[in-house]
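# Per-entry structural report
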Amino acid sequence: MKVLVIGGGAREHALCRSLSLDPDVTALHCAPGNAGIAEVAELHGVDALDGAAVAELAAGLEADLVVVGPEAPLVAGVADAVRARGIPVFGPSAQAAQLEGSKAFAKDVMATAAVPTARSYVCTTPEEIDEALDAFGAPYVVKDDGLAAGKGVVVTEDVEVARAHALACDRVVIEEFLDGPEVSLFAITDGESVVPLQPAQDFKRAYDGDQGPNTGGMGAYSPLPWADPKLVDEVMATVLQPTVDELRRRGTPFSGLLYAGLAITSRGVRVIEFNARFGDPETQVVLARLKTPLGGLLRAAATGELAALPPLRWSDDAAVTVVIASHNYPDTPRTGDAVEGLAEVAEQDAPEAYVLHAGTRRDDSGAVLSAGGRVLSVTATGADLTTARQRAYRAVGRISLDGSQHRSDIAAKVADEAAQAPGA
């Protein structure tokens, strides 16, 4: 099949890499892509938010499947425009994508479907904001109702910081703080059947020890040796299937990737947020472990045939991703710096470790330059998390990017605990 992927980050590079390994994918295209994606897919210059332009490109390429990567095109209705041309597309409609596009909409869906989540208030005035902050107390959790590229959430002990963030949003969701570790669980759905992927954990804070501001994600790992073996089944029964059923009942069926951000609290599993697409950087580690060919899986979701698929196959290996970010990220990042060492990783660390491009471009001479906040996702696999970490950080050490930053503790604590566990 001919596949067109929309987007240009590390998530899309991970998708393209996996699709390029699927023997049934005979042609792979990406718009707009990046310097790394260009090595596995033909790039096209199109505005990812322009549904008509994306649909026209897909039709011109005679694409058998379009995969929409980022959230903004989904909320803008790009999947609807492609479907209207009769082309199978992996990604929800604009209406269904409001599950991510509006925190308030997601809370309403969860309330109706009896999905466990944090108590919350939707606020639009300073008075409502103050009442909500007073009601919950510290730590304060304040979420911009709309899309914010993973950086619209503030968790703070300082009420003034919380109030300032809330006042800067047109509409804001203020909710109770959820204790316990966080888990990301993706599920593929065609609007009826739901197929969960393997859980992962990401690291949102910019600096080691979970310090610093929230980012779009500085690293991730999978599997989660500390998680209850029944976690996926529980989340399927209490979160994923009820949410898909409720959206179908409302006449807005959700077809694509449903991402549940979860807190494993002292009172049980609670949903922190939903996303309407693959998460970044969790996608990098989840797809590194998926052995089932990705193209057929995504096409089955796009064509309503998920129920006919055999069970997914997974590698027993662990995977770790470390994000290399630009100087000053997550504030306004510096771009245009040369990225060096990529060839050394390819020569000395592949196939166990490899680099997925996020914010990169090539200059006229062919050199790779930084072009965004998160520049690279260095991903590695191994028999256990310790081995995967060692391989990932060895590859990170070969890469040079002036002023760059990365966390040195991705999966460190859980790898140490797993290594010390009885029978390890």
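Reference entry: report on the structure contained in this document. Every chain is numbered independently, its residues counted from 1 as its sequence is written. Totals for whole chains, interfaces and linings use all residues, but because this is a predicted model, local features are given only for residues with pLDDT of at least 70 and pairs of side-chain atoms are given and counted only at 80 or more. Neither water nor hydrogens contribute to the side-chain values; these are computed over all heavy atoms in the structure.

Runs of H or I in DSSP of at least four residues are treated as helices and runs of E of at least two as strands, each being numbered from the N terminus. Within the protein, the secondary structure is distributed over 14 helices and 24 strands. Here the globule rule reads 2.2 Å times residues to the power 0.38, and the radius of gyration is calculated from C-alpha atoms. Taken over the C-alpha trace, the protein has a radius of gyration of 21 Å; the compact-globule value for 424 residues is 22 Å, and the two agree within 12%. Based on the C-alpha atoms only, the size of the protein along its principal axes is roughly 55 × 50 × 50 Å. Type-normalised accessible area, obtained with a 1.4 Å probe on protein chains alone, sets the label of each residue: buried when under 20%, exposed when over 50%, and partly exposed for intermediate values. Looking at the protein as a whole, 56% of its 424 residues qualify as buried. Within the protein, contacts between residues at least 6 apart in sequence are counted, and of these 69% link residues at least 24 apart. Working note: accessible area of the protein is about 16,900 Å², and carbon and sulfur atoms make up 48% of it. It only takes one pair of heavy atoms within 4.5 Å for two residues to be counted as in contact. Accessibility throughout is a Shrake-Rupley quantity obtained with a 1.4 Å probe, and a residue counts as covered only by protein chains that appear here.

The complete set of buried residues in helix α6 (residues 103-113) reads K103, A104, A106, K107, V109, M110 and A113. Each element contacted by the buried residues of α6 is listed here: α5 (98-101), β6 (120-123), β7 (140-144), β9 (172-175), α9 (231-249) and β17 (268-275). A positive backbone phi angle near 60° is found at A114, which sits one or two residues after α6.

Here we come to the pattern of salt bridges. One speaks of a salt bridge when a side-chain nitrogen belonging to Lys or Arg is within 4 Å of a carboxyl oxygen belonging to Asp or Glu. The tally for this structure, following the rule as stated, stands at 26 salt bridges. For the salt bridge of D145 with R171, the shortest nitrogen-to-oxygen distance reads 3.2 Å. On the criterion of sequence distance, the pair formed by D145 in the loop between β7 and β8 (153-156) and R171 in the loop between α8 (159-167) and β9 is long-range, its members being 26 residues apart. When its relative accessible area of 9% is taken as the criterion, D145 is described as buried.

Right, let's get into the packing of helix α1 (residues 10-20) against helix α10 (residues 282-289). Taken N-terminus to C-terminus, the directions of α1 and α10 make an angle of 15°; their axes are 8 Å apart at the nearest point. Our classification of the angle between α1 and α10 gives roughly parallel. Where α1 crosses over α10, the two elements pack in a sense that is left-handed. Residues A10, R11, A14, L15 and S18 of α1 touch α10, and the partners they reach there are T283, Q284 and L287. Classification convention: Asp, Glu, Lys, Arg as charged; Ala, Val, Leu, Ile, Met, Phe, Trp, Tyr, Cys, Pro as nonpolar; all other residues, Gly among them, as polar. Of the residues that constitute the contact of α1 with α10, the class distribution is 4 nonpolar, 3 polar and 1 charged. Note on geometry: axes are C-alpha line fits, over the in-contact stretch for helices, and angles between N-to-C directions span 0 to 180 degrees. Should an angle lie under 35 degrees it is considered roughly parallel, over 145 roughly antiparallel, and from 65 to 115 roughly perpendicular; all remaining angles are considered oblique. Helix crossings get a hand from a simple test, with the near helix turned counterclockwise from the far one by less than a right angle marking a left-handed crossing and a clockwise turn marking a right-handed one.

Bringing the packing of aromatic side chains into the picture now. Aromatic pairs are defined between Phe, Tyr and Trp rings, using the six-membered ring for Trp, whenever the two ring centres lie within 6.5 Å; interplanar angles under 30 degrees are classed as stacked, those over 60 as edge-to-face, and all others as tilted. Taken as a whole and assessed by the stated rule, the structure comprises 5 aromatic pairs. Centroid distance Y121 to F136: 5.3 Å. Interplanar angle 45°. Geometry classified as tilted. Taken together, the residues Y121 in strand β6 and F136 in helix α7 (residues 126-136) connect sequence positions 15 residues apart. By relative accessible area, which is 40% here, Y121 ends up partly exposed. Linked through ring pairs, F90, F186, Y259 and F278 together constitute an aromatic cluster.

Of the residues making up α8, those classed as buried are A162, R163, H165 and A166. Around the axis of α8, the buried residues are gathered within 165° of arc, so they sit on the same side. At its buried positions, α8 is contacted by α7, β7, β8 and β9. Comment: arc refers to directions from the helix axis out to C-beta atoms.

Taken in spatial order, the 4 strands line up as β6-β9-β7-β8 in an open sheet, and their pairing is antiparallel. Every other strand in the sheet has two partners, leaving β6 and β8 as the edge strands with one partner each. Recorded for the sheet is a direction-independent mean angle of 20° between the axes of neighbouring strands. In short, DSSP must find at least two bridges between two strands for them to pair. Relative to β9, β6 runs antiparallel, the two sharing 4 bridges. Pairing of C123 across the sheet is with V172, part of β9. Strands β6, β7 and β9 of the sheet are contacted by α6, whose axis makes an angle of about 50° with β9. Packed onto the sheet, α7 meets β6, β7 and β9 and runs at close to 165° relative to β6.

So, on to the state of the cysteines. Put plainly, a disulfide is one covalent bond tying together the sulfur atoms of two cysteines. In this description, a disulfide is simply a cysteine sulfur pair whose atoms lie within 2.5 Å. Scanning all chains against the criterion turns up 0 disulfides. The cysteine C30 is free of any disulfide, with C16 supplying the nearest cysteine sulfur at 4.2 Å. Take C30: its relative accessible area is 0%, and that puts it in the buried class.

All right, on to the environment of T381 then. For T381, the position within the fold is in strand β23 (residues 374-382). Assessed through its relative accessible area of 13%, T381 is described here as buried. Sequence separation of T381 and G152 is 229 residues, and the distance between their C-alpha atoms is 31 Å.

Right, let's get into unusual backbone geometry. The step from A138 to P139 runs through a cis peptide bond, and the omega angle for that step is -10°. With respect to the secondary-structure elements, P139 resides in the loop between α7 and β7. Backbone torsion omega between S222 and P223 reads 5°, so that peptide bond is classified as cis. Summarising the element assignment, P223 is placed in the loop between β15 (219-222) and α9.

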